[in-house]
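Listed below, chain by chain, are the residues.
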Amino acid sequence: MKGVTHFIMGITALTFIGSLMRGAVIEDSLIVVLGGIFGLMPDTLDFKFLVYMEKHDVVIDPDPHDMRPKEIAGKLAEAIDKTGTLKPGKMVKVQLHTLKLGPDLWQSYSVFFNKRRNEVIVNVGPHVTMSRVPSPGTEPPPDKALGVAKYAPKLIDTYGKPSEIGGFSGPSFGFLKKKDGSVEVVFIPFHRRSGHSLTLGAIFALIGYLLTGKPIIAVAIFIPWTFHIILDTLGHMGNNLFWPITKQRTSGLYLTSANNPFWNPFIVYSSMALILWNMNRFNTDVSSLYMAFEPGTSVWLYLFLVVVIPWLILGTIYFLYTSRVKEEKPTEVLAPMAGAAARMATELEEPRYEDISERPKPSLIWRILGIAVPAIILIVFAMYGGGW
Amino acid sequence: MDSLIYFLYAFVGILMGSALSILPGLHIYSIAAIGVFFIVSFPSVDPLGLSMVFTGMLVAYAIVNAITATFMGAPDDSLRYMIFPNQKYLMAGRGYEASIIGGMGALGAMMILLLIAPIASYIFPIFRKLTTPHMPWILIGCVVYLLQTEWPKDWGSRAKTRFGRLKDGWASLSAGWLVFFLSMMMGFVLLNMPVTSIDKAMQGMIMPAFSGFVAVPWVLTNAAARFKVPKQNIKNTFYVSKKDMIRGTTTGFLGGMFSAHEPMISAGVGGLLAGHATVTGGDVQFMVSGSAARFTYYVGAFFLLWVPFLHLIRKGLANITVTVFSPRSESEFWLLVAVVAVSAVIAFLFLIVISRFISKIIPRYSYRKVSLGVLAVIIILVLYFSGWQGLIILTIASGIGLTQIMFRTRWANIMVGFFFPIMLSMAGLSAPIVKMLGIY
């Protein structure tokens, strides 16, 4: 989920706690903000610290003025082959660098693992801006655009799409040897490991308690942290829940994706609706001047009117739109997308479908639990949080 | 028939606002200062008519000001450097298109404003009642979010060691926080130790500070870059999809309305929060949502003053207006809604005409000379409004703005940093800092 979704979800959880909200109204207490800070903290740790702690076994840093896609594909295939010879549980990490050409111009290239043919495919694209807008006429000639290399082990790639390398920082891949002899592709292997574990959340909560002597601070740290982990679990990439006891990242529940344009706004909107509900609930304790509706109003009726109805309408429109409009033509490019990037998108249509069918499908019970657990936490908070 | 005269008042405002919008570096707060001038100079003017002049000015500013951002490289808030799409479009010969796309975003926001007008008197009082006692943590929460989501930009660090990579990544990150800190210190000084008299605070301190934060660094960088603006393509077909328009407009409206409703939150900050929440992406969506946010921020804040049973005073022009006129009746509210709608359409037409004209002439001039000319205009305006003290403020603020550009940090850090002292004051936390700095 997006950072703002985690941030507001953390705040929402804390607005159910009566003492924090009354403190905010009467004493201008800022403890509620801790919910946002620790709701976002796992990503903060990953992308501000742990990303730099990663040690890479292979670094791929092509010359942007002399792109050799076959060489890049060869290095990746070599890393996969090397992983195949290692003991189960061992990982080879590869860093792919971005290639800067100017203040806002980058040489793009993409990497795809074609499991049907046991091939790494590297495509050199046009020059692009940071927002991936291609420059016209910068695509390489066809003979210099494509590089393919074979690898031996059976590969598991749950991502199933080409990885585009454009602006900012390049991605890293981890190739993990599995017990059955296959090799799993782990996208950005530093992410969602120790920084996304419940144990680290508990450690932070303990530190918060020891520093302040207030149990509520520990709650204000641990609950938003937990919500972050739960929300992330709903996506494709899971977490390493009990690091350092557990070593690997689990698979996600595949219920949504991190950048989903429907679920992110839905969660933000619902969170805001709940925050307003809690404001009304606890403002009443201070002054009726700050009360917008009767405190006895059923929360279920409120949620039905304020959240369910508008989002049912929006959801129907979104569903109809996405089911009818398959692929929208690129509309904002400086020139129509051409060359390697467009070719890659077209040619890989078939393998993409194949990969999607190979994705792990968590059992229904896990999927239901993924939604039920945060709902239960919120219901418990709504029932008892007022007295805390 | 009587109400038609108010549309004429608004038209005068549109003409003034459009003319002012083309002057680079002139922020809306300066327009508010001109409003003060109006009140003093023409005491016999019908107060409601004067409010309609302000409305026309504000709507025109919110729409036509896209021209300075696109063609003259002198933006106001909500715009950012390097990946700012309007300038990319200008360099691709599509400045006219960028300008009109922005205008379409503003028109879209106007339409949403019209749609919510019938329910405005029901929903906004609810938000106001509920959020008023929680304002300190809401505002500080926004600032914390902005600072926490300032991600490292290492540009693919090639450093061999972990510490080397960490250092590369944290260079931009710490620069972003430094910019926030410096801007905050400037805010503490200016807001607690005014260098000009209080009645001239808007034009005397805020205008040079904002011009220094944004416009001066921008024109200095453009002047140093010595690039030539290519021939501009003026055509009536644009690469804009319905999806981009709808997503950009709704996102911009949400962000703009949030910033209009909450004190000290700028359109840029509101737009950024809404953009993250709705997963906005791409240059077109960015341009559309930026313009929609700016329109909603300025016009929406003024709109809130007129909403029956709300009369919320937010942002510069609402503060100026209440000194001469306090809207009370529902008929006045609907008059404002009608004037906003008509003014927006006229201002959009002005935007088309002026953008076409500038698109034709701008490639003939040296962009460096244009930038230096813009710089000269800013300095003259600052000297006129603020005197030499303003020039000092402008210089210091420009230093902070240049730091932001050099390290490509988020521009919103400057804005929220500048107003952070007020947020701390609302939370009762500013006194010790002010005392420590010795500026009380």
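Along each chain, residue indices are assigned from 1 in the same order as the chain's sequence is written. Following the order in which they are written, the chains are lettered starting with A and the ligands numbered starting with 1. This being a predicted model, a pLDDT of at least 70 is required before a residue's local features are given, and a value of 80 or more before pairs of side-chain atoms are given or counted; all residues contribute to the totals for chains, interfaces and linings.

## Observations regarding the overall build of chain A
- Working definition: helices are DSSP H or I runs of at least four residues, strands are E runs of at least two. Numbering for both runs from the N terminus. Scanning chain A for helices and strands turns up twelve helices and ten strands.
- Principal-axis analysis of the C-alpha atoms places the extent of chain A at approximately 75 × 45 × 45 Å.
- Each residue is classified by how many other C-beta atoms fall within 10 Å of its C-beta atom, where C-beta atoms are placed from the backbone; a count of 20 or more means buried, 12 or fewer means exposed, and values in between mean partly exposed. In chain A, which comprises 388 residues, the share counted as buried stands at 42%.
- Within chain A, contacts between residues separated by at least 24 positions form 72% of all contacts whose residues are at least 6 apart in sequence. Here, residues touch in the contact sense if the C-beta positions derived from the backbone fall within 7 Å of one another.

## Observations concerning the overall build of chain B
- Scanning chain B from terminus to terminus reveals 17 helices and zero strands.
- Counting the 440 residues in chain B, one finds 55% classified as buried.
- Taking contacts inside chain B between residues at least 6 apart in sequence as the whole, the part at least 24 apart equals 83%.

## Overview of the pairing of strand E6 (residues 146-150) of chain A
Residues and elements named next belong to chain A.
- Every second residue of E6 is oriented toward a common face, the buried set being Gly-147 and Ala-149 and the non-buried set Leu-146, Val-148 and Lys-150.
- Across five bridges, strand E5 (residues 119-128) lies against E6 in antiparallel orientation. When the bridges of E6 are listed, Asn-123 appears paired with Leu-146. Two strands make a pair as long as DSSP finds a minimum of two bridges between them.

## Thoughts on the sheet that holds strand E1 (residues 58-60) of chain A
Residues and elements named next belong to chain A.
- If you trace the five strands from one edge of the open sheet to the other, you get E1-E2-E9-E10-E7, paired in mixed fashion. Pairing within the sheet leaves two strands with one partner each, and these edge strands are E1 and strand E7 (155-156).
- Of the pairings in the sheet, the one linking E1 to strand E2 (residues 91-96) comprises three bridges and is parallel in character. The partner of Ile-60 across the bridge, within E2, is Leu-96.

## Topic: helix H1 (residues 4-22) of chain B
- Helix span, as expected, comes to 1.5 Å for every residue beyond the first. Here H1(B) is 19 residues long and its end C-alpha atoms lie 28 Å apart, about the 27 Å a rise of 1.5 Å per residue gives.
- Listing the buried residues of H1(B) in full gives Tyr6(B), Tyr9(B), Ala10(B), Gly13(B), Ile14(B), Gly17(B), Ser18(B) and Ser21(B).

## Quick look at the packing of helix H10 (residues 242-261) of chain B against helix H11 (residues 267-277) of chain B
All names here are of chain B.
- Packing of H10 against H11 brings their axes to within 7 Å, and their N-to-C directions diverge by 130°. Comparing their axes, H11 and H10 come out oblique. Of the two elements, H10 crosses H11, and the hand of that crossing is right-handed. Across the interface between the two elements, Thr-251, Gly-252, Leu-254, Gly-255, Gly-256, Phe-258 and Ser-259 of H10 pack against Ala-267, Val-269, Gly-270, Gly-271, Leu-273, Ala-274 and Gly-275 of H11. A fitted line through C-alpha atoms represents every axis, and for helices the fit uses only the stretch in contact; the resulting angles, taken between N-to-C directions, go from 0 to 180 degrees. Roughly parallel covers angles under 35 degrees, roughly antiparallel covers those over 145, roughly perpendicular covers 65 to 115, and oblique covers all other angles. For any pair of crossing helices, the crossing counts as left-handed if the nearer helix is rotated counterclockwise from the farther one by less than a right angle, and right-handed if it is rotated clockwise.

## Details of the domain arrangement of chain A
- For the purposes of this description, domain bounds are those given by an automatic or database domain assignment. Here chain A is described as being made up of domain 1 (3-52 + 193-326) and domain 2 (54-187).
- One C-alpha centre belongs to domain 1 of chain A, the other to domain 2 of chain A; they are set 35 Å apart.

## Quick word on the environment of Leu113(B)
Residues and elements named next belong to chain B.
- Take Leu-113: it is sitting in helix H6 (residues 95-131).
- C-alpha separation for the pair Leu-113 and Gly-255, spaced 142 residues apart in sequence, amounts to 13 Å.
- Excluding its chain neighbours within four sequence positions, the residues that come into contact with Leu-113 are Thr-296, Val-299, Gly-300, Phe-303 and Val-340.

## Some remarks on the interface of chain A and chain B
- Each side of the interface is counted separately: chain A has 49 residues, and chain B has 46 residues.
- At the level of elements, helix H1 (3-14), helix H2 (18-27), helix H3 (32-53) and helix H8 (263-286) of chain A are the ones that each hand at least two residues to the side of chain A that touches chain B.
- By the convention adopted, Pro, Cys, Tyr, Trp, Phe, Met, Ile, Leu, Val and Ala count as nonpolar, Lys, Arg, Asp and Glu as charged, and the other residues, Gly among them, as polar. The residue inventory of the side of chain A that touches chain B, partitioned by class, reads 27 nonpolar, 14 polar and eight charged.

## What about the nonpolar core?
- Here, a nonpolar core means buried Ala, Val, Leu, Ile, Met, Phe, Trp, Tyr and Cys residues linked by C-beta atoms lying within 7 Å of one another. Core analysis: the biggest nonpolar cluster contains 177 residues, and Leu58(B), Val59(B), Ile63(B), Ala209(B), Val299(B) and Ala347(B) have the highest contact counts within it.
- The leading source of residues in this core is helix H12 (residues 283-306) of chain B, at 16 residues.
- Excluding residues within four positions of it along the chain, Val299(B) makes contact with Leu58(B), Val59(B), Ala62(B), Leu113(B) and Val340(B).
- Ala73(A), Ile80(A), Val94(A) and Ile121(A) belong to the second largest nonpolar core, which has 30 residues in total.

## Notes on helix H7 (residues 135-148) of chain B
- Over its 14 residues, H7(B) extends 20 Å from the first C-alpha to the last, a length consistent with the 20 Å expected when each residue adds 1.5 Å.
- Counting buried positions over the 14 residues of H7(B) gives ten, a clear majority of the element.
- Turning to H7(B), its buried residues number three or more, namely Pro136(B), Trp137(B), Ile138(B), Leu139(B), Ile140(B), Gly141(B), Cys142(B), Val143(B), Tyr145(B) and Leu146(B).
- On the buried face of H7(B), the contacting elements are H1, H2 and H3 of chain A together with H6, H11 and helix H16 (412-426) of chain B.

## Overview of the packing of H1(A) against H8(A)
All names here are of chain A.
- One can describe the packing of H1 onto H8 by two numbers: an axis separation of 9 Å at closest approach and a directional angle of 25°. Compared by their axis directions, H1 and H8 come out roughly parallel. With respect to the hand of their crossing, H1 and H8 are arranged in left-handed fashion. Across the interface between the two elements, Val-4, Thr-5, Ile-8, Met-9, Ile-11 and Thr-12 of H1 pack against Asn-264, Ile-267, Val-268, Ser-271, Met-272, Leu-274 and Ile-275 of H8.
- Of the residues contributing to the contact of H1 with H8, the split by class is nine nonpolar, four polar and no charged.

## Considering the pairing of strand E9 (residues 172-177) of chain A
Residue and element names in this part refer to chain A.
- Burial runs high along E9: six of the six residues are buried.
- Burial of E9 is two-sided: the residues Ser-172, Gly-174 and Leu-176 facing one way and the residues Phe-173, Phe-175 and Lys-177 facing the other way are all buried.
- With five bridges connecting them, E2 and E9 associate as antiparallel partners. Residue pairing in the sheet places Lys-93 in a bridge with Gly-174 of E9.
- In terms of strand pairing, E9 meets strand E10 (residues 183-187) through five bridges, oriented antiparallel. Residue pairing in the sheet places Leu-176 in a bridge with Glu-184 of E10.
- What sits between the antiparallel neighbours E9 and E10 is a turn of five residues, in which Gly-181 has the positive phi angle 95°.

## Notes on the environment of Leu335(B)
- Relative to the helices and strands, Leu335(B) resides in helix H14 (residues 330-361).
- Separated by 16 residues in sequence, Leu335(B) and Asn319(B) place their C-alpha atoms 20 Å apart.

## Quick word on the confidence of the model for chain A
- Summary statistics for chain A give a mean pLDDT of 85 and a share of 90% for residues scoring 70 or more.
- In the predicted structure, residues 329-357 of chain A sits below a pLDDT of 50 and forms 53 contacts with residues beyond four places in sequence or in another chain. Each residue carries a pLDDT score, the predictor's own confidence in it, on a scale running from 0 to 100.

## So, the confidence of the model for chain B
Residue and element names in this part refer to chain B.
- Scored by pLDDT, chain B comes out at a mean of 85, with 90% of its residues at no less than 70.
- Note on residues 77-83: pLDDT is under 50 here. Beyond four places in sequence and across chains, it has 24 contacts.
- Interface confidence for the predicted complex, given as ipTM, is 0.88, next to a pTM of 0.88.

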